[in-house]
Amino acid sequence: MAYDPQTERYTLPPEHAMALTDETSPAYVAPGFQLMLAIVRAEPRIEEAFRTGGGMEWGEHHSDLFPATERFFRTGYLAYLVSSWIPALDGVEAKLKSGATVADVGCGHGASTRIMAQAYPNSRFHGFDNHAPSIEAARAEAEAEGVGDRITFEVATAQDFPGSGYDLIAYFDCLHDMGDPVGAMRYARRAVADDGALLIVEPMAGEHVEENINPVGRVFSGASVLCCTPNAIATGGPEGVALGTVATEQQLREVVLEGGFTRFRRATETPFNRIFEARP
Ligand SMILES: C[S@@+](CC[C@H](N)C(=O)[O-])C[C@H]1O[C@@H](n2cnc3c(N)ncnc32)[C@H](O)[C@@H]1O
């Protein structure tokens, strides 16, 4: 922020204005403040979770967290999902254009589901999340955007969502939150068509801690400790693995292959995201 004493005016330099005010920019980070404020409102509960080791579920957070998450991730999905991530998957774009069946697991408020439904009118999309208030919000937003006829939203977990023979099952910034990611992948193997694909979007992170000591890595590492890892711990069953927000590619590969998939690769990436494709 610059201040000119002559005119008594404050000015945001263009690069600051883009990051703080331009909701269409993939560099729009303003919702990150809403997100972090929402997370720290649960500080006493988080402290208790640290003391007991019992974790804390996503739905226990302050209600600001859920719309903030949507606002934080949506701009990246708007900028890249249709233009770059889907085309980076082998043969998936053609199927979506002609008419495919897609599950968006851990869809939250459904920003990714709506963006795909807008872009591929011949396809049908099914969003699932185990957080009921998020599913209610997702339904309302899809109706308001006029894509309600192409999307269904249902409360379901990654290990009991309905349907089978999906051409594409997507996990946007949620596989690392799950208490039993291997179980989720085993379930996905049964739900996906034999020639179908998984799209797994995970926050950008390196294979070693020192690769995450930068502004992006610090934000994701903070979110991991305060939000994502506690959810994984709280919901993990006997096979629980708390991947956390900065899970390495190697850890993700092991989870996906252990779940029964035979191929896993990084299809593309952005400064904030790693985009993986898995195949049966
Ligand atoms: C970080 S949010 C991402 C939401 C959304 N995909 C997005 O990109 O905006 C993680 C979501 O995963 C959901 N989630 C976590 N574990 C889940 C599970 N086992 N089954 C279904 N949803 C789950 C949470 O309820 C939450 O909505």
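Look up: the structure comes first, before these words.
One structure accompanies this document, and this report is about it. (Residues numbered from 1 in each chain as written. Predicted model: local features only at pLDDT ≥ 70, side-chain atom pairs only at ≥ 80, totals over all residues. Heavy atoms only, no water.)

1. Focus: the packing of aromatic side chains
Alright, step 1. Considering all chains together, one arrives at eleven aromatic pairs under this definition.
Alright, step 2. Geometrically, the ring pair formed by Tyr80 and Trp85 is stacked, given 6.0 Å between the ring centres and 20 degrees between the ring planes.
Alright, step 3. Residue Tyr80 is classed as partly exposed on the basis of its relative accessible area of 23%.
Alright, step 4. The interplanar angle of 55 degrees and the centroid separation of 6.0 Å between the aromatic rings of Phe161 and Tyr166 together place this pair among those described as tilted. As far as the burial class goes, Phe161 and Tyr166 line up, both buried.
Alright, step 5. Put simply, the rings of Phe72, Phe73, Tyr77, Tyr80, Trp85 and Phe172 pair up and form one aromatic cluster. (Phe/Tyr/Trp six-rings, centres within 6.5 Å; stacked < 30°, edge-to-face > 60°. Buried < 20%, exposed > 50% of the residue type's maximum accessible area, 1.4 Å probe, protein only.)

2. A few points about helix 2 (residues 30–40)
Alright, step 1. Within helix 2 the residues assigned to the buried category are Ala30, Pro31, Gly32, Leu35, Ala38 and Ile39.
Alright, step 2. If you follow the buried residues of helix 2, they end up packed against helix 1 (14–21), helix 3 (43–52), helix 4 (65–85) and helix 9 (215–235). (Helix = DSSP H or I, 4+ residues; strand = E, 2+ residues; numbered from the N terminus. Contact = heavy atoms within 4.5 Å.)

3. Considerations on the site of the ligand
Alright, step 1. Every one of the 19 residues lining the ligand counts as a neighbour, but Tyr77, Gly106, Asp129, Ala158 and Phe172 are closest to it.
Alright, step 2. The separation between an oxygen atom of the ligand and a polar side-chain atom of Trp58 is 3.5 Å.
Alright, step 3. At 3.3 Å, a side-chain N or O of Asn130 approaches an oxygen atom of the ligand.
Alright, step 4. Protein contacts shield 94% of the accessible area of the ligand, which totals 590 Å² for the unbound molecule.
Alright, step 5. Element by element, the count of residues in the shell around the ligand is highest for helix 4, at three residues. (Near = heavy atom within 4 Å. Polar contact = N/O pair within 3.5 Å; in protein donor to acceptor, adjacent residues only side chain to side chain. Areas by Shrake-Rupley, 256 points an atom, 1.4 Å probe, with all protein chains shown as cover.)

4. Some words on empty space enclosed by the protein
Alright, step 1. For the coordinates displayed, the defined rule picks out one cavity of 30 Å³ or more.
Alright, step 2. The volume enclosed by the largest cavity comes to roughly 40 Å³.
Alright, step 3. Among the elements of the structure, helix 5 (92–98), strand 6 (166–172) and strand 7 (192–203) are those that each provide at least two residues to the lining of the largest cavity.
Alright, step 4. Broken down by element, the lining of the largest cavity gets its largest block of residues, three residues, from strand 7.
Alright, step 5. When the residues that make up the lining of the largest cavity are grouped by side-chain class, the tally is three nonpolar, one polar and four charged. (1 Å grid on protein atoms, 1.4 Å probe; cavity = no way out; pocket = protein on both sides within 12 Å on 5 of 7 lines; lining within 4 Å. Points joined across faces, edges and corners; volume = space filled by probe spheres on them. Nonpolar A, V, L, I, M, F, W, Y, C, P; charged D, E, K, R; others polar.)

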